Amino acid sequence: MSGLDRRGLIAGAGAALGGLWLAGCDRLNRSPTAQALIGRGEALTYKAQRALLGGGQLAKEFAPKDVSPAFKANGTMRPRTPEYEALLASQFADWRLVVDGLVKTPLSLSLADLHAEPARSQITRHDCVEGWSCIGQWRGARLGPLLEKAGLADSARYIVFHCADRLGGEGPRGLYYESLDLADAFHPQTLLAYEMNGAPLSVPHGAPLRLRVERQLGYKHAKYVMRIEAVESFAHIAGGKGGFWEDRGYEWYAGI
Amino acid sequence: MVKIRIRRHSLPVRIAHWVNAAAFVLLLASGLQIFNAHPALYWGQKSDFDRPWVAMTPSGSADGRLIGVTEVAGRRFDTTNLLGVSDGQARGFPAWATLPSYRSLAEGRRWHFAMAWLFAINGALYLLWTFLSGHLFRDLWPTREQSRPRHIFKDILDHARLRFPKGEEARRYNVIQKWAYLAVILVLLPLMVLTGLCMSPGFNAVAPWLVEAFGGRQSARTIHFLSASGLVLFFLVHLSLVALSGLWNNLRSMVTGRYAIEVGE
């Protein structure tokens, strides 16, 4: 056998083995048994997190010197809808946050109204699901007191955040949304933030209002929040998994 | 000389070994999938995007092709087709190294966390057993005689010449082997679990001291990657030495527990 033949054969065998390996991995990934096993793992992860985080522990807060000089914005950088563009043009003078659903008193709040609500400032680390972290200072209305003001019905179990941005394009499933259970909604560090690093929230970071839920990953921190809805179940909303990224395979509880 | 079969690996060791092997391969491949979502590493609490410690990035060449550039501590290397760019696409690690092969952070994460449970529970049971049964101090801890510099030096020379212990000497592990196993089971594997937990913002709220002990979340992520790299290095050396020092004998001993050695009559 000539050297070239042998090299060709080895390369061919290598490519074939590589192909088999890839196909094997992806086949394993598609197998219902493997997926069932993974599903069990996910349920265990959720239960473990809920057991550990039931006590309302606070996320670490940092000093002003720790703030990232360049806080990365991710997802939508600017919602390109006519509605949002109009709100932005008037500097959100006509913007209202609607709080409705399973509440006794539905609310409609302007930015000035929100500024008058019980507020909190915190310097926290933002961990993106991709792996990077940035530290920023946030100021906003605490979600808990706001929900108490609206008065949750007994049947309310989740708080859904409807956003202005269409990260998923046109259609009913294109809108960004997120949801929290009541434990996280009433956590003292859960804010509707209107300020970042001492300035009004910029458009890439979710102007005029974004959610901060410090013990979870970045995709839970919905930007461009327009409406807060108390629900018993989120199964009827968009893909039914409780959030834009959740509908695309990510965990609803983003604690890890 | 006669060949006899000795009992080498007990049943708990064999079970733990293969469960760990399966979990390790799946954790590695799904871990690289997760890494590919942001193929860069930093030290400290936060990411300084302008000064990563490690970064794998695509870069255009003069003839319009994409080249993969890997940057480590300020030095840049062309790693096209392995890191940064493979199959003409921007990717940290190539498709053959990740689970699934196509880009899916969501699926990689689901695999990683499911396998992490298997890995951590298996590892914890193994450590408990190895300690309580006496396996750790009887079989894995170097003896006083093995720890003498002369002995260690001879062992290094023997390894370098691929001369493996025979006869009575093959009844026990040699000192370098013992060090390698101890480093893996007592340092690298526990480090994987601890640094892995420190990437969870939820866990960080529960035990803030642990992520601080590693120097911050980005440091914990970098140590997670380095520790995994150490395990990959061990894995490659382990497979090579298993093959070179008697593939079937080694494999059989990790399946049935029986290991053949030659002894004088």
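Residues numbered from 1 in each chain as written. Chains lettered and ligands numbered in written order. Predicted model: local features only at pLDDT ≥ 70, side-chain atom pairs only at ≥ 80, totals over all residues. Heavy atoms only, no water.

> Can you help me understand the domain arrangement of chain B in this one?
Quoted interface sizes are often the accessible area lost when the parts come together. Residues and elements named next belong to chain B. Split into domains, chain B comes out as domain 1 (2-39 + 104-263) and domain 2 (40-92). For domain 1 versus domain 2, the separation of C-alpha centres amounts to 30 Å. Of the residues lining the interface, 15 residues belong to domain 1; the matching set on domain 2 comes to 15 residues. Interface area, domain 1 with domain 2, both sides summed: about 1,300 Å², of which 54% is carbon and sulfur. Contact with domain 2 buries area across many residues of domain 1, yet Pro39, Gln218 and Thr222 alone supply 39% of it, more than any other trio. On the surface where domain 1 and domain 2 come into contact, there are zero salt bridges. Viewed at the interface, domain 2 and domain 1 are joined by nine residue pairs in polar contact (both at pLDDT 80 or more). No other element matches helix α8 (residues 217-244), which puts eight residues into the side of domain 1 that touches domain 2. (Domains from an automatic or database assignment. Contact = heavy atoms within 4.5 Å. Buried area = accessible area lost by both parts, 1.4 Å probe. Salt bridge = Lys/Arg side-chain N within 4 Å of Asp/Glu carboxyl O. Polar contact = N/O pair within 3.5 Å; in protein donor to acceptor, adjacent residues only side chain to side chain. Helix = DSSP H or I, 4+ residues; strand = E, 2+ residues; numbered from the N terminus.)

> Honestly, the confidence of the model for chain B in this entry has me stumped. Any pointers?
Detailed reading of the predicted coordinates is not advisable wherever pLDDT falls low. Chain-level statistics for chain B give a pLDDT mean of 94 and a share of 100% at 70 or above. The secondary-structure element of chain B with the lowest mean pLDDT is strand β1 (residues 2-7) of chain B, recorded at 89, while strand β2 (residues 40-41) of chain B shows the highest, at 98. (pLDDT = per-residue confidence, 0-100.)

> What is the right way to read the domain arrangement of chain A from this model?
Assigned domains of chain A: these are domain 1 (3-47) and domain 2 (59-248). Here the C-alpha centre of domain 2 of chain A lies 39 Å away from the C-alpha centre of domain 1 of chain A.

> Looking at this structure, how should I read the packing of aromatic side chains?
To describe a pair of aromatic rings, you give the distance between the ring centres and the angle between the ring planes. Applying the stated criterion across every chain yields a total of 24 aromatic pairs over all chains. With a centroid separation of 5.2 Å and 90° between ring planes, the pair formed by Phe244 of chain A and Trp245 of chain A is classed as edge-to-face. Look at Trp245 of chain A and you get partly exposed, because its relative accessible area is 30%. Relative to Tyr181 of chain B, the ring of Tyr173 of chain B has its centre 5.1 Å away and its plane inclined at 75°; by these criteria the two rings are edge-to-face. (Phe/Tyr/Trp six-rings, centres within 6.5 Å; stacked < 30°, edge-to-face > 60°. Buried < 20%, exposed > 50% of the residue type's maximum accessible area, 1.4 Å probe, protein only.)

> Would you mind showing me how to read helix α5 (residues 175-197) of chain B here?
Count 3.6 residues to each turn of an α-helix, and residues three or four apart come out pointing the same way. All names here are of chain B. Here α5 is 23 residues long and its end C-alpha atoms lie 32 Å apart, about the 33 Å a rise of 1.5 Å per residue gives. Where α5 is concerned, the buried positions are Val175, Lys178, Tyr181, Leu182, Val184, Ile185, Leu188, Leu189, Met192, Thr195 and Gly196. In the core, the buried residues of α5 are packed alongside α1 (11-36), α2 (105-132), α3 (135-140), α4 (149-160) and α8. The distance from a side-chain oxygen at the start of α5 to the backbone nitrogen of Ile176 is 3.3 Å, and the residue carrying that oxygen is Asn174. (Expected span 1.5 Å × (residues − 1).)

> Can you walk me through the sheet that holds strand β4 (residues 66-72) of chain B in this structure?
Think of a sheet as strands paired side by side through backbone hydrogen bonds, with each pair either parallel or antiparallel. All names here are of chain B. Here four strands make up an open sheet; going across it, the order is β2-β3-β4-β5 and the pairing antiparallel. The open sheet has two free edges, formed respectively by β2 and β5 (75-78), since each of these has just one partner strand. In terms of strand pairing, β2 meets strand β3 (residues 54-60) through two bridges, oriented antiparallel. Counterpart to Ala40 in the pairing with β3 is Ala55. (Pairing = 2+ DSSP bridges.)

> Hey, could you run me through the packing of α1 of chain B against helix α9 (residues 247-255) of chain B in this one?
Helix-helix packing: each pair is described by the crossing angle between the helix axes and the interaxial distance. Residues and elements named next belong to chain B. Taken N-terminus to C-terminus, the directions of α1 and α9 make an angle of 110°; their axes are 8 Å apart at the nearest point. In this view, α1 runs roughly perpendicular relative to α9, as classed from their interaxial angle. Residues Val13, Arg14, His17 and Trp18 of α1 touch α9, and the partners they reach there are Leu251, Ser253, Met254 and Val255. Looking at side-chain class alone, the contact of α1 with α9 contains five nonpolar, two polar and one charged residues. (Axes fitted to C-alpha atoms, helices over the stretch in contact; angles between N-to-C directions. Parallel < 35°, antiparallel > 145°, perpendicular 65-115°, else oblique. Nonpolar A, V, L, I, M, F, W, Y, C, P; charged D, E, K, R; others polar.)

> Help me out: how do you make sense of the interface of chain B and chain A in this one?
At the interface, 36 residues of chain B touch 51 residues of chain A. Carbon and sulfur atoms supply 62% of the area buried between chain B and chain A, which totals about 3,700 Å² over both sides. The tally of links from chain B across to chain A stands at four salt bridges. Across the pair Glu251 of chain A and Arg109 of chain B runs a salt bridge, and its minimum N-O distance is 2.9 Å. Across the contact surface, chain B and chain A share 19 residue pairs in polar contact (both at pLDDT 80 or more).

> Could you clarify how one ought to interpret the pattern of salt bridges in this entry?
Note on pairing: side chains with opposite charge can pair once their charged atoms come close. Residues and elements named next belong to chain B. This model, assessed by the stated rule, comprises 25 salt bridges over all chains. For Arg172, the salt bridge goes to Glu145, with nearest N and O atoms at 3.4 Å. Of the two residues, Arg172 is situated in the loop between α4 and α5 and Glu145 in the loop between α3 and α4; the sequence distance between them amounts to 27 residues. Take Glu145: its relative accessible area is 37%, and that puts it in the partly exposed class. For the salt bridge of Arg172 with Glu169, the shortest nitrogen-to-oxygen distance reads 3.4 Å.

> For this particular structure, what's the right way to read the sheet that holds strand β10 (residues 225-231) of chain A?
Residues and elements named next belong to chain A. Taken in spatial order, the five strands line up as β2-β1-β10-β5-β6 in an open sheet, and their pairing is mixed. Strands with a single pairing partner mark the edges of an open sheet, and in this sheet they are β2 (107-109) and β6 (177-181). Across the sheet, the mean angle separating the axes of adjacent strands is 15° when strand polarity is ignored. Here three bridges tie strand β1 (residues 97-101) to β2, and the two strands are oriented antiparallel to one another. Opposite Val99, over in β2, you have Leu107 as the bridge partner. Its contacts with the sheet place helix α5 (residues 143-150) against β1, β2, β5 (158-163) and β10, and it is angled at close to 135° to β2.

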